[in-house]
Amino acid sequence: MSDVRGRIVEFNDIDENALEVSKPKGAAAGLKAVEVALQRAVRQGGVSRTVRSLYRINQPDGVDCPGCAWPESITGDRKKIEFCENGAKALAEENTTRVASPEWWAQYSIAELEQKTEYWLGQSGRITHPMIIREGETHYQPITWNEAFTTIAEHVHATTPDRCTFYTSGRTPNETAFMYQLIARSLGTNNLPDCSNMCHESSGSALNPTIGIGKGTVSLEDLEKAELIFVVGQNPGTNHPRMLGSLAECRKNGGKVVAVNPLPEAGLLRFKDPQTPKGLLADGERTSDEFLQIKVGGDLALLQALGHLLLQKEAEAPGTIVDREFVESSTLGFQEYADARAELDWDATLEATGLERSEIEMAADMLANSKATIFCWALGITQQPHSVDTIKEIINLLLLQGNFGKPGAGACPVRGHSNVQGDRTFGIWEKPTEALLERIDKEFGITSPREHGYDSTESMDAMYDGKTDVFVSLGGNLAMANSDTAHMEEGLRRTGLTVHISTKPNRSHVTHGKTSIILPTLGRTDLDDKHPGGMQFLSVENSMSVISRTQGRLQPVSDHLLAEPVILARMAREIFGPDHIVDWKAMADDYDVIRDHCSRVIPGTEDFNTRVRTKYGFVLPNPPRDRRSFATAAGKAHFTVSPLEYLTPPEGHLVLQTMRSHDQYNTTFYGLDDRYRGIKGGRRVILIHPEDLKETGFADRTLVDVISVFKGEERRADRFRLVAYPTARGCVAAYYPEANALVHRELVARESNTPGFKAVMVRFEERAEDPQGANEYDQEESTVEAAL
Ligand SMILES: Nc1nc2c(c(=O)[nH]1)N[C@H]1C(S)=C(S)[C@@H](COP(=O)(O)OP(=O)(O)OC[C@H]3O[C@@H](n4cnc5c(=O)[nH]c(N)nc54)[C@H](O)[C@@H]3O)O[C@H]1N2
Ligand SMILES: Nc1nc2c(c(=O)[nH]1)N[C@H]1C(S)=C(S)[C@@H](COP(=O)(O)OP(=O)(O)OC[C@H]3O[C@@H](n4cnc5c(=O)[nH]c(N)nc54)[C@H](O)[C@@H]3O)O[C@H]1N2
Ligand SMILES: [Mo]
């Protein structure tokens, strides 16, 4: 049997404009979703791999879906099918039998790969061998694992720890994350940026000081028991499809749902549950009772107005709104908050939100009438300059009505990557607490550095400024994920050695360091059994603090792949030598050894190995949820006061938000359609309100260049099509990562330093029609289909 079980698939570039626009959909999921999911899965991996992998998603002895961090129930029996269309697509991407083997890499020089789109790169398939490219070379070439590790160690030895950076993407399982942070700290650096810095960092920055934990405080069951759920700045129909089931369940139980979004996202309107026969046929159920079409960046104003109105109602009928007992016993700062919200500037509020006063009053009435409210939020809230203040304002509203530690109530930041929350729990943090470092040092006998390290934005600058010699990326694709693409790519190129532990080719491999090494790894679905003790499993933590097993069983496409813990252990042994105080090999041989270490270092994971082997795993302690207790320095939750802030574009500019299509997983693309939004066969589009379009003077579908402005600097992204779309006035939308070039690296959220991916000021310049078609992505879908 060959050591590679896959095939190279060739692509051609055909220049032809394939963009099609139709009416946005009014409902998410349904039969079409099932069909699309199965089609994509079979196309990538064949029927048998598809069936074997899909039915094991999110089952007790199965694979945690790499699609998102939405939880599964831990009570009762699970449904036979615990996945969604996009989860199936995520698995299909990984299960593919297409390969980027050494022959594939030999076909394309870096100069050629630079011309390829991200979609094309990802669709090439799984990387099968360790590869290297050295300064002056044009192609990646195979290298042995031994040589790869020796080369990495040489580079690390030739520099100082502060010039090494270790990036993590949030798919990394707990055990792997724990080993990885231990490598960085054993070496002597806290340069541990992760995708969370670009994602929900603002949530942690707001929650830690106010409620004493950087995580959400609800369980899945709470959503079904809530009287009212706010879904703010989130597109669950695409990014957390199984959440729609919970919203529908809440409404069935008499609860109400309010969606707050500049876009009328299909999943926020109606939902056809593909897991019930009725859902497949009917028009579907409503997912929300009210939809507030807010302006981008207007949420802080809305939340402050809601606080004002609630306090007004309390003044009119004392004791009806504010949970006095809770506020007095468990919180600080209520009076200051109440004083600050006593007055409201309605003009500013309406300008900031773009809403009618009556809409805001209606939402306040709904809040007033609810005894159990949950606020869910995601990136529409976390990627603004004033994100941290906005989330603190959510907490104010929850505290006011005592919505902590009771059924159906609480804060629910909906995480992205399937284990981004676990990575932080298990030590991936550039700003570790002293308590964590003390425990690590005690367990391993090392001395962790105390100086804080780089986050994702700072690491980009450090690379650009020539302050980084070694950059290791545990999954992910920072070249595309970070802001300011040109700056980021140049930073990578200036770095002495870039190391990518990856499953598939991506831009970060192409815009690489002077020397670059790709280490191909097993994915979640792959069988991991080459250990003295046989098959191993890993674990993840979902968005609601449940830790559970994940175990792949598919035959890997190549015999040359190594599991991530094995890669890390061998890298560490090469860097630190065989006599190092940490027994890396023992960890790689038997993952129980890693978990035993964790159980002594990470609070809440005591007896890890036993508890993780129970049917559904275990829940980490969550003081606000479990005991209405708040582990801040004062031992109480804090109300906070923030000034009103919203986005005011300069004359002639609009606010751009960057978001995901229905056919992508962050920087990887499953296809070029955004089905629910009616966009097909193209990604370089700008969704714009028809009235705003009129004001720009351009016709629908005009080809334009987009220019962003920030701090007097301009950035440009070429060749987008304007598409009239029912977005909020003054707010346009484009897809990430095509629009990342427009995001100035200093445009960040205060406190969390998360890029302001949803707060970019832009204008447009018409561009002559390109005889060869509008854009690079217009033709590829048909090409990919044709290749099969
Ligand atoms: N299929 C799929 N699933 C995914 C991902 C994926 O790429 N594909 N990515 C995963 C990851 S890492 C993450 S972090 C999550 C992301 O999940 P989401 O946060 O849902 O991701 P985005 O696509 O960025 O969508 C942001 C939503 O916020 C809205 N929005 C933008 N600006 C504002 C604003 O100022 N106010 C309000 N109220 N709303 C606003 C947008 O219209 C959009 O509906 O999804 C995870 N799941
Ligand atoms: N403009 C804009 N930019 C954004 C965002 C936005 O909303 N707008 N969102 C931000 C957010 S929320 C996030 S989370 C980041 C995402 O940033 P990242 O996490 O860095 O990016 P991904 O696209 O998820 O990473 C994809 C790569 O991971 C590798 N990979 C996949 N599976 C595995 C595996 O099992 N093991 C290993 N080792 N590698 C694997 C593959 O090689 C693939 O190419 O992007 C951020 N960037
Ligand atoms: Mo994310």
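Residues numbered from 1 in each chain as written. Chains lettered and ligands numbered in written order. Predicted model: local features only at pLDDT ≥ 70, side-chain atom pairs only at ≥ 80, totals over all residues. Heavy atoms only, no water.

Helix and strand counts for the protein come out as 34 helices and 31 strands. For 788 residues, the compact-globule estimate of 2.2 N^0.38 gives 28 Å, and the protein sits close to it at 25 Å. For the protein, the spread of C-alpha atoms along the principal axes amounts to about 75 × 65 × 55 Å. The 788 residues of the protein split such that 65% are buried. For the protein, long-range pairs separated by at least 24 residues make up 80% of all intrachain contacts whose partners lie at least 6 apart in sequence. With an accessible surface of roughly 26,900 Å², the protein has 51% of that area assigned to carbon and sulfur atoms. Where the 86 positive side-chain charges of the protein centre and where its 112 negative ones centre are 4 Å apart. (Helix = DSSP H or I, 4+ residues; strand = E, 2+ residues; numbered from the N terminus. Rg over C-alpha atoms; globule rule 2.2 N^0.38 Å. Buried < 20%, exposed > 50% of the residue type's maximum accessible area, 1.4 Å probe, protein only. Contact = heavy atoms within 4.5 Å. Areas by Shrake-Rupley, 256 points an atom, 1.4 Å probe, with all protein chains shown as cover. Lys, Arg positive; Asp, Glu negative; His and termini not counted. Charge placed at Lys NZ, Arg CZ, Asp CG, Glu CD.)

Neighbouring ligand 2 are 31 residues; Y167, S169, A481, E564 and T667 lie closest to it. One nitrogen or oxygen atom from the side chain of Y167 is found 2.6 Å from an oxygen atom belonging to ligand 2. Take T658: an N or O atom from its side chain is 2.9 Å from a nitrogen atom of ligand 2. Expressed as a share of its isolated accessible area of 930 Å², the protein-covered part of ligand 2 is 97%. Split by residue class, the shell around ligand 2 holds 10 nonpolar, 16 polar and five charged. Looking at the shell around ligand 2, you find at least three residues from each of domain 1 (129–198 + 424–519 + 562–606) and domain 2 (654–771). (Near = heavy atom within 4 Å. Polar contact = N/O pair within 3.5 Å; in protein donor to acceptor, adjacent residues only side chain to side chain. Nonpolar A, V, L, I, M, F, W, Y, C, P; charged D, E, K, R; others polar. Domains from an automatic or database assignment.)

Another aspect to go through is unusual backbone geometry. Of note, the amide linkage connecting Y736 to P737 takes the cis form, showing an omega dihedral of 5 degrees. Tracing the sequence through the fold places P737 in the loop between β30 (731–735) and β31 (760–766). Of note in the backbone geometry, R628 takes a positive phi value of approximately 50 degrees without being a glycine. Tracing the backbone through its elements, the reader meets R628 in the loop between α32 (623–627) and β22 (637–638).

Enumeration over the complete set of coordinates arrives at six cavities of 30 Å³ or more. Here the second largest cavity is characterised by a volume of approximately 90 Å³. Among the residues forming the lining of the second largest cavity, the class breakdown is three nonpolar, five polar and five charged. (1 Å grid on protein atoms, 1.4 Å probe; cavity = no way out; pocket = protein on both sides within 12 Å on 5 of 7 lines; lining within 4 Å. Points joined across faces, edges and corners; volume = space filled by probe spheres on them.)

A cluster of nonpolar side chains, namely V42, V47, V51 and Y55, defines an oily patch on the protein surface of about 350 Å² accessible area. Relative to the helices and strands, V47 resides in helix α2 (residues 47–54). Take V47: its relative accessible area is 55%, and that puts it in the exposed class. (Patch = residues over 30% accessible without salt bridge, like charges linked within 9 Å, V, L, I, M, F, W, Y side chains within 5 Å. Salt bridge = Lys/Arg side-chain N within 4 Å of Asp/Glu carboxyl O.)

Before going further, it helps to spend a moment on the site of ligand 1. Taken together, 33 residues lie around ligand 1, and N261, E265, G297, D299 and N666 are the ones closest in. Between ligand 1 and E265, the relevant distance is 2.6 Å, taken from an oxygen atom to a side-chain nitrogen or oxygen of the residue. When ligand 1 is considered free in solution it has 930 Å² of accessible area, and contact with the protein chains removes 99% of it. Counting only elements with at least two residues in the shell around ligand 1, the list comes to α11 (236–239), α20 (379–382), β23 (654–659) and β24 (664–665). Of the residues that constitute the shell around ligand 1, the class distribution is 12 nonpolar, 17 polar and four charged.

On to helix α23 (residues 434–444). It helps to recall that an α-helix has 3.6 residues per turn; residues three or four apart then point in one direction. Of the positions making up α23, those classed as buried are L436, L437, I440, D441 and F444. End-on view of α23: buried residues confined to an arc of 130 degrees, all on one side of the axis. Those residues of α23 that are buried lie in contact with α8 (174–187), α29 (584–589) and α30 (591–601). Following α23 by one or two positions, G445 has its phi on the positive side, about 75 degrees. (Arc of directions from axis to C-beta.)

Attention shifts here to the domain arrangement of the protein. What the domain assignment lists for the protein is domain 1 (129–198 + 424–519 + 562–606) and domain 2 (654–771). One C-alpha centre belongs to domain 1, the other to domain 2; they are set 33 Å apart. Listed per partner, the contact involves 16 residues of domain 1 and 16 residues of domain 2. Roughly 1,200 Å² is buried in total at the junction of domain 1 and domain 2, and carbon and sulfur atoms are behind 47% of that figure. In this structure, the salt-bridge partner of R745 is D461, at a minimum N-O distance of 3.0 Å. The interface formed by domain 1 and domain 2 includes 14 residue pairs in polar contact (both at pLDDT 80 or more). Of all the secondary structure elements, the ones that give two or more residues to the side of domain 1 that touches domain 2 are α24 (456–464), α25 (478–481) and α26 (485–494). Broken down by element, the residue count for the side of domain 1 that touches domain 2 peaks at four residues, all from α24. Classifying every residue of the side of domain 1 that touches domain 2 gives four nonpolar, seven polar and five charged. (Buried area = accessible area lost by both parts, 1.4 Å probe.)

Our focus in this paragraph is helix α15 (residues 299–316). The first and last C-alpha atoms of α15 sit 26 Å apart over 18 residues, in line with the 26 Å expected at 1.5 Å per residue. Most of α15 sits out of view: 14 of its 18 residues are buried. (Expected span 1.5 Å × (residues − 1).)

Each pocket or cavity is described by its volume, and for the largest pocket that value is around 960 Å³. What lines the largest pocket is a set of 32 residues, among which N208, G214, K215, R424 and W429 lie closest to the centre. Looking at the lining of the largest pocket, the element that brings in the most residues is helix α9 (residues 201–211), giving five residues. By residue class, the composition of the lining of the largest pocket is 12 nonpolar, 12 polar and eight charged.

A few words on the sheet that holds strand β14 (residues 373–377). Ordered by their spatial adjacency, five strands build an open sheet running β12-β9-β8-β14-β15, and the pairing between neighbours is parallel. Only two strands of the sheet have a single neighbouring strand rather than two, namely β12 (290–292) and β15 (410–413). Taken pair by pair, the neighbouring strands of this sheet meet at an average axis angle of 15 degrees, ignoring direction. (Pairing = 2+ DSSP bridges. Axes fitted to C-alpha atoms, helices over the stretch in contact; angles between N-to-C directions.)

Among the five residues of strand β9 (residues 256–260), four are classified as buried, and the element is accordingly described as predominantly covered. In this sheet, β9 lies alongside strand β8 (residues 228–232) in parallel orientation, the contact comprising five bridges. Within β9, the position partnered with F230 by the bridge is V258. By the bridge criterion, three bridges tie β9 to β12 in an arrangement that is parallel. Bridge pairing in β12 places V260 opposite L292.

This brings us to the sheet that holds strand β17 (residues 497–502). Pairing within the open sheet is mixed, and its six strands lie in the order β6-β5-β18-β17-β16-β7. Across the chains shown, the open sheet's two edge strands, defined by having one partner strand only, are β6 (141–142) and β7 (164–168). Bridge count for β17 against strand β18 (residues 515–520) is six bridges, and the pairing is parallel. Bridging from a neighbouring strand, L497 pairs with T515 of β18.

Turning to its location among the elements, S169 is positioned in the loop between β7 and α8. Aside from chain neighbours lying at most four places away, what touches S169 is C195, H417, D423, L474, G475 and G476.

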